[in-house]
Amino acid sequence: MASEQKKEEYQEYVRQNSPKTNLPLQMAKAFVMGGVICCVGQFIVNTAAEQFGIGKETAAGWCSMILILISALLTGFNLYGRLVKWGGAGALVPITGFANSVVASAIEYKTEGQVYGIGCKIFTIAGPVILYGIVTSWGLGILYWLGKIMGIL
């Protein structure tokens, strides 16, 4: 009985102290934020292709690099966090959020030194994404290669 009462008290405590969220509003903000980032990216691709005569694939590569640079700079100036606070997952999911996680780790651990701080901990958040991305792409590449050899693809 006492444990049941403690569980109920704890549930009430959690309910009172949990932030109240408006899910439809959060989803709309994430949609808008992600859309803005994508529009900026498309603007970069179009501008590079039209103004500088760069092919679409090369322009897409430049777009990724420029978005990463912008995200890193905004993180360094402590502005990207505000975008994340407002836009939620819309700011965290694209490549800009990935760049933010790497730069934020570097900034957080810089006081521990170049090697033991930044060098060891820069990929604390992004490391698993990189690891599983490489392993998955390698595995899919092997499956594709086998499918080509067997005539399936």
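Here the structure is shown first, and the text comes after it.
Scope of this entry: the structure provided in the associated data block. Keep in mind it's a predicted model, so treat the numbers as computed, not measured.

Some thoughts on the packing of helix α6 (residues 95-109) against helix α7 (residues 114-121)
Argument step 1. As a packed pair, α6 and α7 sit with axes 8 Å apart at the nearest point and diverge in direction by 160°. On the basis of the axis angle, α6 is roughly antiparallel to α7. The handedness of the crossing between α6 and α7 is right-handed. Taking contact as the criterion, the partners of Ser105, Ala106 and Tyr109 in α6 are, on α7, Gly117, Ile118 and Lys121.
Argument step 2. For the contact of α6 with α7, the residue count by class is three nonpolar, two polar and one charged.

Looking at helix α4 (residues 80-87)
Residues three or four positions apart in an α-helix share a direction because the helix packs 3.6 residues into each turn.
Argument step 1. Among all positions of α4, only Tyr80, Val84 and Gly87 are buried. End-on, the buried residues of α4 take up no more than an arc of 90°, which puts them together on one face. Seen from the buried face of α4, the exposed residues on the opposite side, beyond 90 degrees, are Arg82 and Lys85.
Argument step 2. Where α4 is buried, its residues contact α2 (23-51), α3 (56-76), α5 (89-92) and α6.

Quick notes on the side chain of serine 105
Argument step 1. Mapped onto the secondary structure, serine 105 falls in helix α6.
Argument step 2. Once you skip the residues sitting within four places of it in the chain, serine 105 turns out to touch Lys121, Ile122, Thr124 and Ile125.

Some words on the nonpolar core
Argument step 1. The biggest cluster of nonpolar side chains holds six residues, and these are Ile44, Val45, Ala48, Ala59, Cys63 and Leu67.
Argument step 2. Sorting the residues of this core by element identifies α2 and α3 as the ones contributing at least two each.

Comments concerning unusual backbone geometry
Argument step 1. Positive phi, normally seen in glycine, also occurs at asparagine 78, with a value near 60°.
Argument step 2. Secondary-structure assignment places asparagine 78 in the loop between α3 and α4.

Topic: a nonpolar patch on the surface
Argument step 1. On the surface, a cluster of nonpolar side chains totalling about 1,300 Å² of accessible area is made up of Trp138, Leu140, Ile142, Leu143, Tyr144, Trp145, Leu146, Ile149, Met150, Ile152 and Leu153.
Argument step 2. On the secondary structure map, leucine 143 appears in helix α8 (residues 127-149).
Argument step 3. By relative accessible area, leucine 143 is classed as exposed at 56%.

Notes on the state of the cysteines
Argument step 1. Within this structure, the stated rule accounts for zero disulfides.
Argument step 2. With no disulfide partner, cysteine 39 has as its closest neighbouring cysteine sulfur the one in cysteine 38, 7.1 Å distant.
Argument step 3. By relative accessible area, cysteine 39 is classed as exposed at 54%.
Argument step 4. Not part of a disulfide, cysteine 63 finds its nearest cysteine sulfur in cysteine 38, a span of 9.0 Å.

Some thoughts on the packing of α3 against α6
When two helices pack together, their arrangement is given by the angle between the helix axes and the distance between those axes.
Argument step 1. Orientation of α3 relative to α6, taken along the N-to-C sense of each, is 40°, at an axis distance of 8 Å. Regarding the angle of α3 to α6, the classification is oblique. Here the hand of the crossing between α3 and α6 comes out right-handed. Residues Ser64, Leu67, Ile68, Ser71, Ala72, Thr75 and Gly76 of α3 pack against Ile95, Thr96, Ala99, Asn100, Val103, Ala104 and Ile107 of α6.
Argument step 2. Counted by class, the contact of α3 with α6 contains eight nonpolar, six polar and no charged residues.

Definitions and limits used
Residues numbered from 1 in each chain as written. Predicted model: local features only at pLDDT ≥ 70, side-chain atom pairs only at ≥ 80, totals over all residues. Heavy atoms only, no water. Axes fitted to C-alpha atoms, helices over the stretch in contact; angles between N-to-C directions. Helix = DSSP H or I, 4+ residues; strand = E, 2+ residues; numbered from the N terminus. Parallel < 35°, antiparallel > 145°, perpendicular 65-115°, else oblique. Left-handed = near helix turned anticlockwise from the far one by under 90°. Contact = heavy atoms within 4.5 Å. Nonpolar A, V, L, I, M, F, W, Y, C, P; charged D, E, K, R; others polar. Buried < 20%, exposed > 50% of the residue type's maximum accessible area, 1.4 Å probe, protein only. Arc of directions from axis to C-beta. Core = buried A, V, L, I, M, F, W, Y, C linked by side-chain atoms within 4.5 Å. Patch = residues over 30% accessible without salt bridge, like charges linked within 9 Å, V, L, I, M, F, W, Y side chains within 5 Å. Areas by Shrake-Rupley, 256 points an atom, 1.4 Å probe, with all protein chains shown as cover. Salt bridge = Lys/Arg side-chain N within 4 Å of Asp/Glu carboxyl O. Disulfide = S-S within 2.5 Å.

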